[in-house]
Amino acid sequence: MTETNTGLARLRDPFPPNAINLLPKQVRRDDKNRFQCNPQNGRQVSMDGKYCGGYHALSIHLDYVGHAALTDRLLEVDPEWSWEPLAIGENGLPVFDKDGGLWIRLKICGVERLGYGDSQGKTGGNAVKEAIGDALRNAGMRFGAALDLWHKGDLHDASEEQGKLDAPAEEPAPAPARKLQRKTVDLDIWVDKIADCGTKAELQALWKTAQAEGQPEAVLSMIVQAAGERAA
């Protein structure tokens, strides 16, 4: 029988598969072609073979734990857990910053840590609820809750930033030719190359090759996502 952690250590235990949701991350920011995310639409909408049921452009999917699942874990660890905003306005309500974000203080088992959340582009009452849930997940991560899932998301974001940092100040090829190259990248070829990699080390080597060739962010993100799954 597997021993279950207690107290704050319990927060670091992995969440069960049924508590993990999929968050689509669009691979091309200017992509206007959107489809229902299901197997029927396949590679038109999902680059990693995962399907969230949403309606979006071609994306990879990142795993995340929702508000309800996190709350359930917090109650299990400390039935008296609490959170409060860092700032209260004159109207007695939490103060949001200029970007619509909310700073909170999360208290679990007598330990307090900060977190930040935003509304992810939502408006009205849904924006407030989204910001609170996002802030709780962010603060919970500081305690180790779903840290492995956050790590995968950071790897994806880092690959995007790496592509920007490594871009030369001056492109040797004319701008129109470079745009054409990016539009005509055969993603299916890279899907097959990723499938041929049996280990995380091979995927890391493939990522370095793709980066050296100047492959677009979509390709680098695919490899990072696959490497994260190998490590899980």
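In what follows, the structure referred to is the one given above.
Let me sum up the structure you'll find in this document. (Residues numbered from 1 in each chain as written. Predicted model: local features only at pLDDT ≥ 70, side-chain atom pairs only at ≥ 80, totals over all residues. Heavy atoms only, no water.)

When its secondary structure is counted, the protein shows 7 helices and 7 strands. Along the protein, helices (α) and strands (β) appear in the sequence β-β-β-β-α-β-β-β-α-α-α-α-α-α when read from the amino end. Counting across all 232 residues of the protein, residues that qualify as buried make up 36%. Surface summary for the protein: the accessible area is close to 13,900 Å², and the carbon and sulfur share equals 52%. (Helix = DSSP H or I, 4+ residues; strand = E, 2+ residues; numbered from the N terminus. Buried < 20%, exposed > 50% of the residue type's maximum accessible area, 1.4 Å probe, protein only. Areas by Shrake-Rupley, 256 points an atom, 1.4 Å probe, with all protein chains shown as cover.)

Taken as a whole and assessed by the stated rule, the structure comprises 9 salt bridges. We note a salt bridge from glutamate 76 to arginine 10, for which the minimum N-O separation is 2.7 Å. With glutamate 76 in helix α1 (residues 67-77) and arginine 10 in the segment before β1 (20-26), this residue pair connects regions lying 66 residues apart in the sequence. When its relative accessible area of 42% is taken as the criterion, glutamate 76 is described as partly exposed. With relative accessibility at 16%, the residue arginine 10 sits in the buried group. (Salt bridge = Lys/Arg side-chain N within 4 Å of Asp/Glu carboxyl O.)

For the rest of this paragraph, the subject is the environment of aspartate 78. Mapped onto the elements of the fold, aspartate 78 is located in the loop between α1 and β5 (82-85). Taking relative accessible area as the criterion, aspartate 78 reaches 14% and is therefore assigned buried. For aspartate 78 and leucine 8, which are 70 residues apart along the polypeptide, the C-alpha to C-alpha distance reads 8.6 Å. Non-local contacts of aspartate 78, meaning those with residues more than four positions away in its chain, are made with Ile108 and Cys109. Of the polar contacts made by the side chain of aspartate 78, one reaches the backbone nitrogen of cysteine 109; its length is 2.8 Å. (Contact = heavy atoms within 4.5 Å. Polar contact = N/O pair within 3.5 Å; in protein donor to acceptor, adjacent residues only side chain to side chain.)

A separate point is unusual backbone geometry. Even without being glycine, cysteine 109 reaches a positive phi, approximately 50 degrees. Positionally, cysteine 109 belongs in the loop between β6 (102-108) and β7 (111-117).

Before going further, it helps to spend a moment on the pairing of strand β4 (residues 59-65). Put simply, side chains in a regular strand alternate between the two faces of the sheet. Of all 7 residues in β4, 6 are buried; the element is thus mostly enclosed. Note: β1 against β4, 7 bridges, orientation antiparallel. Along β4, the bridge assignment pairs proline 24 with histidine 61. (Pairing = 2+ DSSP bridges.)

Here the focus is the packing of aromatic side chains. Applying the stated criterion across every chain yields a total of 1 aromatic pair. Here the aromatic rings of tryptophan 103 and tyrosine 116 are separated by 5.0 Å at their centres, their planes lie at 55 degrees, and the arrangement is tilted. Residue tryptophan 103 is found in strand β6, and its partner tyrosine 116 is found in strand β7; the two are separated by 13 residues along the sequence. Directly above the ring of phenylalanine 15 sits arginine 73, whose terminal nitrogen or CZ lies 4.1 Å from the centroid. It is arginine 113 that lies over the ring of phenylalanine 143; its NZ or CZ is 4.6 Å from the centre. (Phe/Tyr/Trp six-rings, centres within 6.5 Å; stacked < 30°, edge-to-face > 60°. Lys NZ or Arg CZ within 6 Å of the ring centre and 35° of its normal.)

Limitation: the analysis is restricted to geometry and does not speak to function.
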